[in-house]
Amino acid sequence: MTAMDARGFNIPNKCRSLKYMFFACLILSALVTYVYINNVFHSDRDFLNSISPVASLLRAGRKDVSSIGNINTSQAASEHLHVLQYVPRKKITERPPTTELCDEECQWERRQIRYKANVNHACDMNNEARQITNWAEWVKVNELVLQSFYFSDKHKTIYCEVPKSACTGMKRVFYVMNGGKDKKVLTKMNIHPHSFRSNWRLSNEKSVKKVIERLKTYKSIMIVREPFARAVSGYQDKFDLRPNGFWKDWAKTMLKSEGKDPSLVGTRKDISGHKALVTFEEFITFTTNTSVVNKYRGDQHWIPIAEICFPCQFNYDFIIKIENMKDDVEYTLKRIGEEKLLQYMFEKGGHETKSSNSSSKEAYLSQLTPDLVLAFKDRFVKDYHAFNYSMDVLNLPQR
């Protein structure tokens, strides 16, 4: 006979029921844990994918991430990687929202935190957060890059020039900061030839020791812009609306590199109705071909900001966005003690930077083939991610 407990239950059957309940609980617990972890993973992955080209490729199943843009900041630097050492950037977090009122300067401070945090994250995700360990060698390798840096010893401030990103105005500011008083220099485009030969251009400094000291210790400023808007502005200014002899030579180079007859320069109308030196499609074809650009030592008007200002090597103190131009410039100048110079950023007589409107960008985008749009994305992917610009602007219009 089978033993019975006090309540009349069959003891072996009772044990068997408890065992089934135990295993059922284990299975249920495992399912709950799986669902929780899966949800957390996907939410983190979606966040990373939204701001990281590397993560996007990993999601697509590609193991080779070396094809994202140009992993090295310049062709020369790629041959001298011993001057760089990978060091994760210090994590920057935005101040948590509070119920306190936040004035314009407070909003600027928060934007600066976001700007820098995004640059740091993009550099880390691309394994480009490199610390310069051999400054003398770095300066030697990147001698041409130093042509983009201007400084004020009085204010211990250095500025990286990005063409078509309000560089005319900022050069005016640095001219005055360095004691310049000639109003003729401030008018039209005189500031550019003057700054090229000035003693406040870093590449004109003969002392390597002083160059390194300024790069390492001075407060730094960089002005950035959405890459496609910058490309449209550069094309209009140099090859469409205001052509001259210098840019005609570049136009001939572009056509030759694409196997076309140089005599076509200036004979065809672009969408603006002007006789352009080259078409916008030819311009983008040339500027996205890195082998051709390197061969002809490309002009900085169509070089990505990541290859001009080295945001992954230098922790910029102030990042100015064209989209928030007035406020970003005003409070940057206030922090270096020169708020009164704001007027020179918007002085008449130069080629002021204006944010291209969406209809203008769409019109130029419609001139490009899907393959050329992809080439542009690949060429400027670092700028898009480091400065948190959306690539949605490069979606081809419906035909």
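Here, every reference points to the structure presented above.
It should be emphasised that the depicted structure is a prediction, and the values quoted were computed from it without experimental measurement.

K.L.:
What is the right way to look at the overall build of the chain in this model?
P.N.:
Within the chain, the secondary structure is distributed over 17 helices and eight strands. Burial status across the chain gives 44% buried among its 399 residues. Long-range pairs, those at least 24 residues apart, make up 72% of the contacts in the chain with a sequence separation of at least 6. Surface summary for the chain: the accessible area is close to 21,600 Å², and the carbon and sulfur share equals 54%.

K.L.:
Would you mind going over the environment of Gly234 with me for this structure?
P.N.:
Within the fold, Gly234 resides in helix 10 (residues 227-240). Linking Gly234 and Trp302, residues 68 residues apart in sequence, is a C-alpha distance of 7.3 Å. When sequence neighbours within four positions are dropped, the list of residues in contact with Gly234 reads Lys164 and Phe239.

K.L.:
It is not clear to me how the state of the cysteines should be interpreted in this structure. Could you clarify?
P.N.:
The term disulfide refers to a covalent linkage connecting the sulfur atoms of a pair of cysteines. For the coordinates displayed, the defined rule picks out three disulfides. Between Cys160 and Cys309 runs a disulfide, and the two sulfur atoms are separated by 2.0 Å. Because the sign of the S-S torsion sets the handedness, a value of about -90° for the bond joining Cys160 and Cys309 places this disulfide among the left-handed ones. You can see Cys160 sitting in strand 4 (residues 157-160) and its partner Cys309 sitting in the loop between helix 13 (290-295) and strand 8 (318-321), a full 149 residues away along the chain. Accessibility assignment for this pair places Cys160 and Cys309 in one class, buried. In the chain, the bonded cysteines, numbered by position in the sequence, are linked as 1-2, 3-6, 4-5.

K.L.:
Help me out: how do you make sense of the nonpolar core in this one?
P.N.:
Across soluble globular proteins, nonpolar side chains show a tendency to be buried alongside one another. One finds Leu215, Phe228 and Phe239 to be the most contacted residues of the largest nonpolar core, which totals 63 residues. Considering each element in turn, this core owes the most residues, six residues, to helix 17 (residues 370-386). In this structure, Phe228 is in contact with Phe280, Lys361, Tyr364, Leu365, Leu368, Phe376, Tyr384 and Leu394, ignoring residues within four places of it in sequence. In terms of nonpolar packing, the next biggest core, distinct from the first, is built from 29 residues, Met177, Ile320, Met325 and Leu342 among them.

K.L.:
I'm lost on the sheet that holds strand 5 (residues 219-224) in this one. Help?
P.N.:
Paired through backbone hydrogen bonds, the strands of a sheet run either parallel or antiparallel to each other. Strand order in the open sheet made by the four strands is 3-4-5-8, with mixed pairing throughout. Two strands in the sheet have a free side with no partner beyond their single neighbour: strand 3 (149-152) and strand 8. Neighbour to neighbour, the strand axes of the sheet diverge by 20° on average, direction disregarded. Taken together, the four bridges between strand 5 and strand 8 define a ladder with parallel strand orientation. Across the sheet, residue Met222 finds its bridge partner in strand 8, namely Ile319. Packing against the sheet, helix 14 (residues 325-335) makes contact with strand 5 and strand 8, and its axis sits at approximately 155° to strand 8.

K.L.:
Help me understand the pairing of strand 5 in this model?
P.N.:
Within a regular strand, the side chains alternate between the two sheet faces. Counted residue by residue, strand 5 has five buried out of six residues, so it is predominantly covered. Bridge count between strand 4 and strand 5: four bridges; the pairing is parallel. Each residue of the ladder has a partner; that of Tyr159, found in strand 5, is Ile221.

K.L.:
Sorry, what's going on with empty space enclosed by the protein here?
P.N.:
Where empty space is left can be seen by rolling a probe of water-molecule size over the atoms. In total, this model carries five cavities of 30 Å³ or more according to the counting rule given. Volume-wise, the largest cavity comes out at about 70 Å³. Lining of the largest cavity is provided by Ala122, Cys123, Asn126, Glu128, Ala306, Pro311, Cys312, Lys382, His385 and Ala386. Elements with a contribution of two residues or more to the lining of the largest cavity: helix 4 (104-125) and helix 17.

K.L.:
How should I be thinking about the side chain of Ser152 in this particular structure?
P.N.:
One can find Ser152 in strand 3. Residue classification places Ser152 among the buried positions, given a relative accessible area of 0%. Beyond its immediate sequence surroundings of up to four residues, Ser152 is in contact with Thr157, Phe174, Met177, Asn178 and Tyr218.

K.L.:
What am I meant to see in the packing of aromatic side chains here?
P.N.:
The geometry of an aromatic ring pair is captured by the separation of the ring centres together with the interplanar angle, meaning the angle of the planes. Per the stated rule, a full pass over the model turns up 26 aromatic pairs. Residues Tyr235 and Tyr364 carry aromatic rings whose centres are separated by 6.0 Å and whose planes lie at 75° to one another, so their mutual orientation is edge-to-face. Taken together, the positions of Tyr235 in helix 10 and Tyr364 in helix 16 (residues 358-365) put the pair 129 residues apart, joining distant regions of the chain. In this pair, the class of Tyr235 matches that of Tyr364, namely buried. Aromatic rings pair up to connect Phe228, Tyr235, Phe239, Trp247, Trp250, Phe280, Phe283, Phe286, Trp302, Tyr364, Phe376 and Phe380 into one cluster. Stacked on the ring of Phe151, the Lys or Arg Arg214 has its end atom at 3.9 Å from the ring centre. A cation sits over an aromatic face here: Lys321 above Tyr389, 4.5 Å from the ring centre.

K.L.:
What exactly am I supposed to notice about unusual backbone geometry here?
P.N.:
Outside of glycine, negative phi angles account for most residues, and trans bonds account for most peptide bonds. Positive phi values are uncommon outside glycine, yet Lys164 reaches one of about 65°. Mapped onto the fold, Lys164 is located in the loop between strand 4 and helix 6 (167-177). Judged by relative accessible area, Lys164 falls into the buried class, the value being 10%.

K.L.:
Where do I start with helix 17 in this structure?
P.N.:
Residue pairs spaced three or four apart in an α-helix point in one direction, given the helix's 3.6 residues per turn. An ideal rise of 1.5 Å per residue puts 24 Å on 17 residues; helix 17 measures up with 24 Å between its terminal C-alpha atoms. The axis of helix 17 is deflected most strongly, by about 65°, at Phe380. Looking one or two residues past helix 17, Asn388 carries a phi angle of roughly 60°, positive in sign.

How each quantity is defined
- Residues numbered from 1 in each chain as written.
- Predicted model: local features only at pLDDT ≥ 70, side-chain atom pairs only at ≥ 80, totals over all residues.
- Heavy atoms only, no water.
- Helix = DSSP H or I, 4+ residues; strand = E, 2+ residues; numbered from the N terminus.
- Buried < 20%, exposed > 50% of the residue type's maximum accessible area, 1.4 Å probe, protein only.
- Contact = heavy atoms within 4.5 Å.
- Areas by Shrake-Rupley, 256 points an atom, 1.4 Å probe, with all protein chains shown as cover.
- Disulfide = S-S within 2.5 Å.
- Core = buried A, V, L, I, M, F, W, Y, C linked by side-chain atoms within 4.5 Å.
- Pairing = 2+ DSSP bridges.
- Axes fitted to C-alpha atoms, helices over the stretch in contact; angles between N-to-C directions.
- 1 Å grid on protein atoms, 1.4 Å probe; cavity = no way out; pocket = protein on both sides within 12 Å on 5 of 7 lines; lining within 4 Å.
- Points joined across faces, edges and corners; volume = space filled by probe spheres on them.
- Phe/Tyr/Trp six-rings, centres within 6.5 Å; stacked < 30°, edge-to-face > 60°.
- Lys NZ or Arg CZ within 6 Å of the ring centre and 35° of its normal.
- Expected span 1.5 Å × (residues − 1).
- Bend = angle between axes of the 7 residues up to and from the residue.

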